[in-house]
Amino acid sequence: SSSIDTDASSAAKASPILLAIGGQVYDIAKGSRKYAGSYEAFLGRDASRAFVTGDFKSDLTDEVSDFEDEELFKVQEWQAFYDSKYNYRGRLIGAFFDAQGKPTALRKRAVAVFERLKKSNGKEMEGGKGEQEADVRCSSRWQQGIGAEVSCDKGLFPRRLEYYEKLSAQERRIVASAVRQSEGSGSGVGGGGRGEGDGGDLSNGGRRKSFAPVLKTKCICVEKNTWREGLDAYPGCLRNETTCRITDA
């Protein structure tokens, strides 16, 4: 079973408070305030799938055998987080560990994927290709009557960065599913058109292998005269100011 011997309601009242991710059980009692509301659904079970999909109703399960490598990597990232923050309590019989507590094929694959992609990401950083991952993010806050502000530590300045990000494996599946449904209803979404940025065909029976990147924005902290494509000062904010009010949301 992928459920720990307790339910969400009793887990919220008891000590220890147990949660599993990737088949490993943790006592998260010291962080129990974080698990009020929707997060309570994670307690007393292994909901690895929901950690990645964000669906707290339908995906409260450890069934992730259909996950692509990128998604399995995220499951293991979450597990690494709990390893670093909370007390490990044991293994849960389910998708990741069998009745003898031995790793299943899925568990072995997840660990191998995590190690491989972690090394790959590290090499990209060393080679200068991981620029976005190395960015220093701005601090942000919102105050009544003032609105949103972003700020940086002394010596760094907030800049608005526009960048393209490839669709994640989960996003690709959502797009492909939407395309298949639209074709089935005859609405012809995509119309044989080509996706911006990579020339892919959106209406190829959901079999498209590449998808257009998505334009996103974020605030990063940089030195005063830093320049790179997509980087600019916030409107109404001087380039030497360390705090900027967001007026172009």
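Structural notes, computed from the coordinates. (Residues numbered from 1 in each chain as written. Predicted model: local features only at pLDDT ≥ 70, side-chain atom pairs only at ≥ 80, totals over all residues. Heavy atoms only, no water.)

### Observations concerning the environment of Val 113
Stated precisely, the cut-off is as follows: Strands here mean DSSP runs of E at least two residues long; helices mean DSSP runs of H or I at least four residues long; both are numbered from the N terminus. The buried label goes to any residue with under 20% of its type's maximum accessible area, the exposed label to any with over 50%, and the partly exposed label to all in between, with areas taken from a 1.4 Å probe on protein chains only. What makes two residues a contact is simply this: any of their non-hydrogen atoms within 4.5 Å.
Here Val 113 lies in helix α4 (residues 105-126). Since its relative accessible area comes to 4%, Val 113 is described here as buried. Sequence separation between Val 113 and Gln 76 is 37 residues; the distance between their C-alpha atoms is 8.9 Å. Ignoring any residue separated from it by four or fewer positions in sequence, one finds Val 113 in contact with Asp 69, Leu 72 and Phe 73.

### What to know about the nonpolar core
Which entries qualify depends on this criterion: What is meant by a nonpolar core is a set of buried Ala, Val, Leu, Ile, Met, Phe, Trp, Tyr and Cys residues, joined one to another through side-chain atoms within 4.5 Å.
In this structure, Leu 19, Ile 21, Ile 28, Leu 72, Tyr 82 and Phe 96 are the most contacted members of the largest nonpolar core, which totals 28 residues. For this core, the elements supplying multiple residues, two or more each, are β1 (18-21), α2 (48-53), α3 (69-85) and α4. Those residues in contact with Ile 21 that lie beyond four places of it in its chain are Tyr 26, Asp 46, Ser 48, Phe 51, Val 75, Trp 78, Gln 79 and Tyr 82. If you look at the next biggest cluster of nonpolar residues, it comprises 8 residues, including Cys 138, Val 150, Cys 152 and Tyr 234.

### Regarding the state of the cysteines
To keep it simple, the criterion reads: We call a pair of cysteine sulfur atoms a disulfide whenever their separation is within 2.5 Å.
Scanning the entire structure with this criterion turns up 3 disulfides. The disulfide partner of Cys 138 is Cys 219, and the gap between their sulfur atoms is 2.0 Å. Disulfide Cys 138-Cys 219: the torsion about the S-S bond is -75°, which places it as left-handed. Of this pair, Cys 138 sits in the loop between β4 (136-137) and β5 (139-143) while Cys 219 sits in strand β8 (residues 214-222), and the two are 81 residues apart along the sequence. Summarising the burial analysis for this pair, Cys 138 and Cys 219 share the class buried. The disulfide partner of Cys 152 is Cys 221, and the S-S distance across this bridge is 2.0 Å. Around the S-S axis, the bridge from Cys 152 to Cys 221 shows a dihedral of about -90° and counts as left-handed. Of the two residues, Cys 152 is situated in the loop between β6 (147-151) and β7 (157-165) and Cys 221 in strand β8; the sequence distance between them amounts to 69 residues. Numbered by order of appearance in the sequence, the disulfide-linked cysteines of the chain pair as 1-3, 2-4, 5-6.

### Details of the pattern of salt bridges
For the record, the criterion: The term salt bridge refers to a side-chain nitrogen of Lys or Arg lying within 4 Å of a carboxyl oxygen of Asp or Glu.
The full count for this structure, using the stated rule, is 8 salt bridges. When salt bridges with common partners are traced through the structure, they connect Arg 49, Asp 59 and Asp 66 into a single cluster.

### Considerations on the pairing of strand β2 (residues 24-27)
Threshold: Here the rule is simple: two strands pair whenever DSSP picks up at least two bridges between them.
Burial along β2 is two-sided: Gln 24 and Tyr 26 facing one way and Val 25 and Asp 27 facing the other are all buried. Bridge analysis of β1 against β2 gives 4 bridges, and the strand direction is antiparallel. Its bridge partner lying in β2, Ile 21 is registered against Gln 24. Hairpin connection from β1 to β2: 2 residues lie between these consecutive antiparallel strands, with Gly 22 at a positive phi of about 65°. With 4 bridges connecting them, β2 and strand β3 (residues 87-91) associate as antiparallel partners.

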